[in-house]
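Commentary on secondary and tertiary structure
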Amino acid sequence: MNNKMKKELDKNKKRKKCIITGVTGQDGSFLSELLLEKGYEVHGVIRRSSTDFRERIAHLENRDDFHLHYGDMTDSLSLVHIIGMVGPDEIYNLAAQSHVQVSFDEPEFTADVDAMGVLRILEAVRLTGVDKTCRIYQASTSELYGRVEEVPQSETTPFHPYSPYAVAKQYGFWIAKEYREAYDMYVCNGILFNHESERRGESFVTRKITLSACRIAQGKQDKLFLGNLSSFRDWGYAKDYVECMWLMLQQETPDDYVIATGEQHTVREFATLAFHFVGIELEFKGEGVDEKGYDKDTGKILIEVSEEFYRPTDVVNLLGDPSNAKENLGWNPRNTSFEQLVKLMVEHDMESIAVEKEKEHIRTNVVEHLERTR
Ligand code: NAP
Ligand code: G4F
């Protein structure tokens, strides 16, 4: 064996292995990039779906240190099989039905994936015998504070979940903590406040706003319909937040951490800033369902409230206190400011909508040409 081969073998021996559930999601894709950069062998769990295009991780799929396995949070056998086969040093459990409003329409599925799914992962780790060596990150959420009992919220704030999603995540939080205490397993809950990015799902409020602002600015959409404009969120940048997931699993002892910026803004403020970055100054008039967002220059109505987007119970006052993570993980909550976050999302979407527009223009020209020459 020559020196180069020996070095390669040593590198592979030392290479840490991790499993990421929810690898196709916003966080899963950023975390995969981070862990690959750190030299991990990354194993992602994917669901069988009718379309095989996985946009957020497509650029990683040809690497030989990135592997995908079919599995599902509702299917214990698939999880036992993957964990048994990989023998991971770390598991990041990010898979979830993650949309709060959808959890009112699909409460049973949400509970199966977001609550029972956590139990299935923990038991799979025990059944495959890696419980003393494998560290587990559980994606908990600020939605646990729900109908908030104090502001700001920290690790000691009582939970008051306020949606089927939050109730399911509450089970996930406690079962993770229970396995840590009962079986001495290394399990951490990251209580992450909202984090957004250019990869955020298009039906979450921030991305819905940035995409619509860009379409309106480029003449592709007339109006944006939103729900509760007065809701407060503590919004950070997803790329900054995945680093905390990794940091939590590198500590001597496992614990639960709040990850937040310590700054809150309303949906209305987010929209005002997003429109500002596309060159439109908004002003809001009216109240409740009658509130509207006007273009200050033209007086045109660009935003209206629709009750369709109201939730049976809504969480309206999230503000995190990240002091503990700052002190014990060395986390810098202001890596990306609110303004930088909105700007980077808008810049990304301006470009993607322009490309969409260009493609549509070419398609229309081709159709017109075919019709003329038929
Ligand atoms: P996301 O973009 O919605 O991604 C969710 C991921 O879960 C997707 O990869 C999805 O796969 C997968 N998934 C859903 N059901 C599954 C099932 N039955 N089996 C296997 N995989 C399944 O969510 P995210 O924003 O990245 O959030 C990651 C995690 O953090 C979630 O657990 C979320 O609840 C939690 N969280 C998010 C935030 C936030 O602000 N983003 C804040 C706190 C906590 P498909 O591609 O196949 O649908
Ligand atoms: O963007 P959202 O749908 O995010 P929400 O409900 O805060 O949930 C997200 O963050 C949680 C962390 O706190 C995660 F656990 C969860 O997985 C997810 O990533 O809604 C934010 C706020 C809500 O108060 C909602 O009522 O915006 C309000 N809103 C107003 N109009 C709207 C809309 N939300 C959506 N999705 N669509 C609207 O048109």
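For the structure itself, consult the block above.
Residues numbered from 1 in each chain as written. Chains lettered and ligands numbered in written order. Predicted model: local features only at pLDDT ≥ 70, side-chain atom pairs only at ≥ 80, totals over all residues. Heavy atoms only, no water.

1. Some words on the pattern of salt bridges
This structure, assessed with the given rule, holds 17 salt bridges. Measuring nitrogen to oxygen at the nearest pair gives 3.1 Å for the salt bridge that ties Glu-123 to Arg-126. Of this pair, Glu-123 and Arg-126 are both found in helix α5 (residues 107-127), three residues apart, which corresponds to roughly one turn of the helix. Arg-126 gets classed as partly exposed once you look at its relative accessible area, which sits at 30%. Of the charged contacts, one joins Glu-143 and Arg-233 as a salt bridge, the two residues approaching to 3.6 Å between their closest N and O atoms. One end of the pair, Glu-143, is in the loop between β5 (135-141) and α6 (164-183); the other, Arg-233, is in strand β9 (residues 232-233), and 90 residues separate them in sequence. The network of salt bridges with common partners includes Asp-52, Arg-54 and Glu-61. (Salt bridge = Lys/Arg side-chain N within 4 Å of Asp/Glu carboxyl O. Helix = DSSP H or I, 4+ residues; strand = E, 2+ residues; numbered from the N terminus. Buried < 20%, exposed > 50% of the residue type's maximum accessible area, 1.4 Å probe, protein only.)

2. What to know about the site of ligand 2
Taken together, 24 residues are adjacent to ligand 2, and Thr-141, Ser-142, Tyr-165, Ser-231 and Arg-311 come closest. One of the side-chain nitrogen or oxygen atoms of Arg-200 is found 2.9 Å away from an oxygen atom of ligand 2. With respect to ligand 2, the side chain of Asp-314 contributes an N or O atom lying 2.8 Å from an oxygen atom. Its residues placed into classes, the shell around ligand 2 shows nine nonpolar, nine polar and six charged. (Near = heavy atom within 4 Å. Polar contact = N/O pair within 3.5 Å; in protein donor to acceptor, adjacent residues only side chain to side chain. Nonpolar A, V, L, I, M, F, W, Y, C, P; charged D, E, K, R; others polar.)

3. Describing the pairing of strand β4 (residues 90-93)
Here β4 shows two buried faces, one formed by Glu-90 and Tyr-92 and the other by Ile-91 and Asn-93. In this structure, strand β1 (residues 17-21) lies alongside β4, joined through four bridges in parallel fashion. Residue pairing for β4: Ile-20 is matched across the bridge by Tyr-92. In terms of strand pairing, β4 meets β5 through four bridges, oriented parallel. Note that in β5 the partner of Tyr-92 across the bridge is Tyr-137. (Pairing = 2+ DSSP bridges.)

4. Quick look at the site of ligand 1
Near ligand 1 lie 23 residues; those nearest to it are Thr-24, Arg-47, Ser-98, Tyr-165 and Lys-169. In the model, an oxygen atom of ligand 1 is placed 2.8 Å from a nitrogen or oxygen of the Lys-169 side chain. Take Arg-200: an N or O atom from its side chain is 3.2 Å from a nitrogen atom of ligand 1. Summarising the interface, the protein chains cover 87% of the accessible area of ligand 1, which totals 910 Å² for the free molecule. Within the residue set of the shell around ligand 1, elements represented by two or more residues are α2 (26-37), β5 and α6. (Areas by Shrake-Rupley, 256 points an atom, 1.4 Å probe, with all protein chains shown as cover.)

5. A word on the sheet that holds β5
Here seven strands make up an open sheet; going across it, the order is β3-β2-β1-β4-β5-β6-β11 and the pairing parallel. The sheet terminates laterally at β3 (66-70) and β11 (257-259), the two strands that pair on one side only. Neighbouring strand axes in the sheet, compared pairwise and without regard to direction, differ in orientation by 20° on average. In this sheet, strand β2 (residues 41-46) lies alongside β1 in parallel orientation, the contact comprising five bridges. Directly across from Cys-18, in β2, lies its bridge partner Val-42. Against the sheet, α2 makes contact with β1, β2, β3 and β4, and its axis sits at roughly 170° relative to β1, the strand it touches most. Contacts from helix α8 (residues 238-248) reach β4, β5, β6 (187-192) and β11 within the one sheet, and its direction differs from that of β6 by about 160°. (Axes fitted to C-alpha atoms, helices over the stretch in contact; angles between N-to-C directions. Contact = heavy atoms within 4.5 Å.)

6. Side note on the nonpolar core
One finds Tyr-92 and Ile-259 to be the most contacted residues of the largest nonpolar core, which totals 63 residues. Considering each element in turn, this core owes the most residues, eight residues, to α8. Beyond its immediate chain neighbours, meaning those up to four positions away, Ile-259 contacts Ile-191, Leu-192, Phe-193, Tyr-241, Cys-244, Met-248, Ala-325, Leu-329 and Trp-331. By size, the runner-up hydrophobic cluster in this structure holds 24 residues, among which are Ala-95, Val-113, Val-130 and Ile-136. (Core = buried A, V, L, I, M, F, W, Y, C linked by side-chain atoms within 4.5 Å.)

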